[in-house]
Amino acid sequence: MIWTKRFLRALPFAIALVLNVAMFVADRFHMRSEHIAGYGFLFATPWAWLIDYIWFGLLDHIWRGTVHHHWLTVSMGYVVILWIPAALYSTCVWLLFCGLKMISRRHSNQLSA
């Protein structure tokens, strides 16, 4: 069971890595990358409101500079679209397992009492 938990917690990062590599390869070989970008946005859609609030709301007040380096701009896009949602998915899976553990402990304590 412990390997299943680890696998499910690492799965969002694996998906983000695959999408990140696919976008890099498509960009490197000048292929059309609209479908891959669509999958990235689909991956990030449930968290879009939170990412917009944090990335463009709070951080805009802290850092108002413009990035002039292409690879830094692309990297920031990958962080926002892929890696932050992967961390949020993984955190939700971890919280789900913690909640299930608490429920099972509470249920087992009620049965033994």
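The notes below deal with the structure included here.

Calculation criteria
- Note on numbering: residues in each chain are counted from 1, in written sequence order.
- A pLDDT threshold of at least 70 governs which residues receive local features in this predicted model, and a stricter bar of 80 or more applies before side-chain atom pairs are shown or counted, although totals over entire chains, interfaces and linings include all residues.
- No hydrogens and no water enter the side-chain calculation; it runs on all heavy atoms of the structure.
- Under the scheme used here, helices are H or I runs from DSSP no shorter than 4 residues and strands are E runs no shorter than 2 residues, and both carry numbers assigned from the N terminus.
- We call two residues in contact whenever any of their non-hydrogen atoms come within 4.5 Å of each other.
- Per-residue and other accessible areas were derived by the Shrake-Rupley procedure at a 1.4 Å probe size, with only the shown protein chains allowed to occlude residues.
- Take the buried Ala, Val, Leu, Ile, Met, Phe, Trp, Tyr and Cys residues and link them wherever side-chain atoms come within 4.5 Å; each set so joined is a nonpolar core.
- Buried residues are those whose accessible area, probed at 1.4 Å on protein chains only, stays under 20% of the maximum for their type, while exposed residues exceed 50% and partly exposed ones sit between those limits.
- Centres within 6.5 Å make a pair out of two Phe, Tyr or Trp rings, where for Trp the six-membered ring is used; the pair is then stacked when the planes are under 30 degrees apart, edge-to-face when over 60, and tilted otherwise.
- In our convention, an over-ring charge means Lys NZ or Arg CZ found within 6 Å of a ring centre and within 35 degrees of that ring's normal.
- Distance and chemistry together define a polar contact, namely a pair of N or O atoms within 3.5 Å, with one atom able to donate a hydrogen and the other to accept it when in protein, and with adjacent residues in sequence counting only for side-chain atoms on both sides.

What follows covers the overall build of the chain. Within the chain one finds 4 helices and 0 strands. Taking all contacts inside the chain whose residues are at least 6 apart in sequence as the whole, residues at least 24 apart take part in 79%. Working note: accessible area of the chain is about 8,800 Å², and carbon and sulfur atoms make up 71% of it.

Let us look at the nonpolar core. Most often, soluble globular proteins have nonpolar side chains that are buried together. Of all hydrophobic cores here, the largest spans 8 residues; its members are Ala16, Leu19, Met23, Phe43, Val74, Tyr78, Leu82 and Ala86. Looking at this core, the elements with two or more residues in it are helix H1 (2–28) and helix H4 (70–112). It is H4 that provides the largest number of residues to this core, a total of 4 residues. Filtering out sequence-adjacent residues up to four positions away, tyrosine 78 remains in contact with Asn20, Met23, Phe24 and Trp83.

With that settled, consider the environment of phenylalanine 43. Tracing the backbone through its elements, the reader meets phenylalanine 43 in helix H2 (residues 34–44). When its relative accessible area of 10% is taken as the criterion, phenylalanine 43 is described as buried. For the pair phenylalanine 43 and tyrosine 89, spaced 46 residues apart in sequence, the C-alpha to C-alpha distance is 9.8 Å. When neighbours within four sequence positions are excluded, phenylalanine 43 is seen to be in contact with Pro12, Ile15, Ala16, Leu19, Ile81, Leu82, Pro85, Ala86 and Tyr89.

The subject of this paragraph is the side chain of asparagine 20. Within the element layout of this structure, asparagine 20 appears in helix H1. Leave out the neighbours within four places in its chain, and asparagine 20 touches Tyr78, Leu82 and Trp83.

On to the packing of aromatic side chains. Tallied over the full model, the rule gives 3 aromatic pairs. The interplanar angle of 45° and the centroid separation of 5.1 Å between the aromatic rings of phenylalanine 43 and tyrosine 89 together place this pair among those described as tilted. Of this pair, phenylalanine 43 sits in helix H2 while tyrosine 89 sits in helix H4, placing them 46 residues apart in sequence. A ring pair is formed by tryptophan 47 and tyrosine 89, whose centres lie 5.7 Å apart and whose planes are at 80°; its orientation type is edge-to-face. Placement of tryptophan 47 in the loop between H2 and helix H3 (48–62) and of tyrosine 89 in helix H4 is noted, with a sequence separation of 42 residues between them. Ring pairing ties together the aromatic residues Phe43, Trp47 and Tyr89, which thus form one cluster. Between lysine 5 and the ring centre of phenylalanine 97, over which it is positioned, the NZ or CZ distance is 5.7 Å.

Moving on, we come to the side chain of serine 90. Mapping serine 90 onto the fold places it in helix H4. The class of serine 90 is buried, set by a relative accessible area of 9%. Polar side-chain contacts of serine 90 include one of 2.9 Å to the backbone oxygen of arginine 9. Once you skip the residues sitting within four places of it in the chain, serine 90 turns out to touch Arg9, Pro12 and Phe13.

Everything listed here is a matter of geometry and, on its own, says nothing about what the molecule does.
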